[in-house]
Amino acid sequence: MKNKIALLLCLTLYSLCLNAQWNKIISGTTKNINAVTFSNSNTVVAVGDSGLILRSSNAGNSFTIVSSTTMKHLNDVFFLDANNGLAVGDGGTILKTINAGISWSAITSNTSNDLMSIDIKNNIGLITGSNGTILKSVNNGAAWAALTPFTIYLLNKVRFVTNDVAVISGNNGLLLKSTDAGYHWTTENSSANKNINDFAIYPNAADILAVGINGLQISTDTSFSTISESTISAQWLNATQAVPNTDTCFVVGKNATILFTANGNSWNTITVNSTEDFNDSYFVSNTVGIIVGSKGNIFKTTTGGASLSTKEIEKINFNLYPNPSISFLNITGDFEENTQLKIYNTSGQLLIEQIIKGNSVLINHDLPSGMYLLQMSSNERMGSAVFVVK
């Protein structure tokens, strides 16, 4: 009977561990968070409703609220480098920072339309928004001028594919493409005429994966020569991003929807402890990513975010002793550099976390009596073991 209970607990803990790849972060706000980015590996900036700006200096483990000098909703944020960034929002709002998001000041936009998205590449900047608004900068965002509208529809997202090629997605199935860094645009409407909220350059530099209303997925190449449409969710999908240096792409949306794919065709669902809408995600590396959403929700992963139960994972073999433990654990094994160690209790709460260097580690602890799960993870490898504290 005891063996069955231990086995059940082990399986339960392992399941909790898989779902715990996205850990909830205290944001300090109940306002909607609309966009997030990293300015470097440690600094995270998120923006949201009523002028909300959040900043983290520890890779998103905790956040502080920063004064933004506006009460307008902020819809997107972009950093040129570790210090210089811009945020855009409703009513033609453009803010800039020169100190990694610590303080912000306003830039004249010469428009009162809502601004939804910003991207800058090779000194050329583009901002899109309501009523077909496209703003362009030729000096890294220091000044902006409006281009002649190509449409009346809301333009939700703009991204540079190369220095010269840029793509915009919008409502009514709208896709725009420029091959001269935004001076001229061609229009492509998908047959569904559904709102396209975001897109990623995925799975390679010549292809686009776009998402939108009612679970819409659109796959096309950057020339729009072929466009295929499908439904991958029952939820409205708000944002998508390819994970750097991997074959994985994430999509987030309403009602805490998180999907990921390794090929753009089949999708897997990840469940987290939330029912709120997710509005944006950003991966700064192949392991570290942030999701933000309504009512101040923030989730973070340090393991790539994809459910390990659906990926091919090489096992990490290790030994731990003594087991049962009283105040310490010795752990030995063949560990890669920067292997991550985590210890969870039976409620799935993360209690201990550290990086292992070398082939052995001594963990001193003051854990109360009970049963615990120890997990090792590194890139595409994972191992776990249950131990008891007397």
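Residues numbered from 1 in each chain as written. Predicted model: local features only at pLDDT ≥ 70, side-chain atom pairs only at ≥ 80, totals over all residues. Heavy atoms only, no water.

Digging into the nonpolar core
And step 1. By size, the foremost hydrophobic cluster in this structure holds 18 residues, and its most contacted members are Phe318, Ile331, Leu341, Ile343, Leu374, Met376 and Phe387.
And step 2. Of all the secondary-structure elements, those providing two or more residues to this core are β30 (318–321), β31 (328–333), β32 (339–344), β33 (350–356), β34 (360–364), β35 (370–378) and β36 (381–389).
And step 3. Contacts of Leu374, omitting those with residues within four sequence positions, involve Phe318, Leu320, Leu329, Ile331, Leu341, Lys342, Ile343, Gly383, Ser384, Ala385 and Phe387. (Core = buried A, V, L, I, M, F, W, Y, C linked by side-chain atoms within 4.5 Å. Buried < 20%, exposed > 50% of the residue type's maximum accessible area, 1.4 Å probe, protein only. Helix = DSSP H or I, 4+ residues; strand = E, 2+ residues; numbered from the N terminus. Contact = heavy atoms within 4.5 Å.)

Points about the pattern of salt bridges
Close approach of charged atoms lets side chains of opposite charge pair.
And step 1. Under the counting rule described, the total for this entry stands at three salt bridges.
And step 2. The residue Asp198 makes a salt bridge to Arg159 at a minimum N-O spacing of 2.7 Å. Residue Asp198 is found in strand β18 (residues 196–201), and its partner Arg159 is found in strand β14 (residues 155–160); the two are separated by 39 residues along the sequence.
And step 3. A relative accessible area of 1% places Asp198 in the buried class.
And step 4. The class for Arg159 is partly exposed, based on a relative accessible area of 21%. (Salt bridge = Lys/Arg side-chain N within 4 Å of Asp/Glu carboxyl O.)

A few points about the pairing of strand β7 (residues 85–89)
And step 1. Here β7 lies mainly inside the structure; five of its five residues are buried.
And step 2. Residue alternation in β7 divides its side chains into two sets, Gly85, Ala87 and Gly89 and Leu86 and Val88, and both sets are buried.
And step 3. Pairing between strand β6 (residues 74–79) and β7: five bridges, direction antiparallel. Bridge pairing in β7 places Leu74 opposite Gly89.
And step 4. Where β6 hands over to β7, the hairpin turn is made up of five residues, counted between the paired strands.
And step 5. Bridging between β7 and strand β8 (residues 93–97) involves five bridges; their strand directions are antiparallel. In the strand pairing of β8, Leu86 is matched with Lys96.
And step 6. Linking β7 to β8, which pair antiparallel, is a turn of three residues; within it Gly91 sits at a positive phi near 65°. (Pairing = 2+ DSSP bridges.)

Scope: geometric values only; no functional claims are made or implied.
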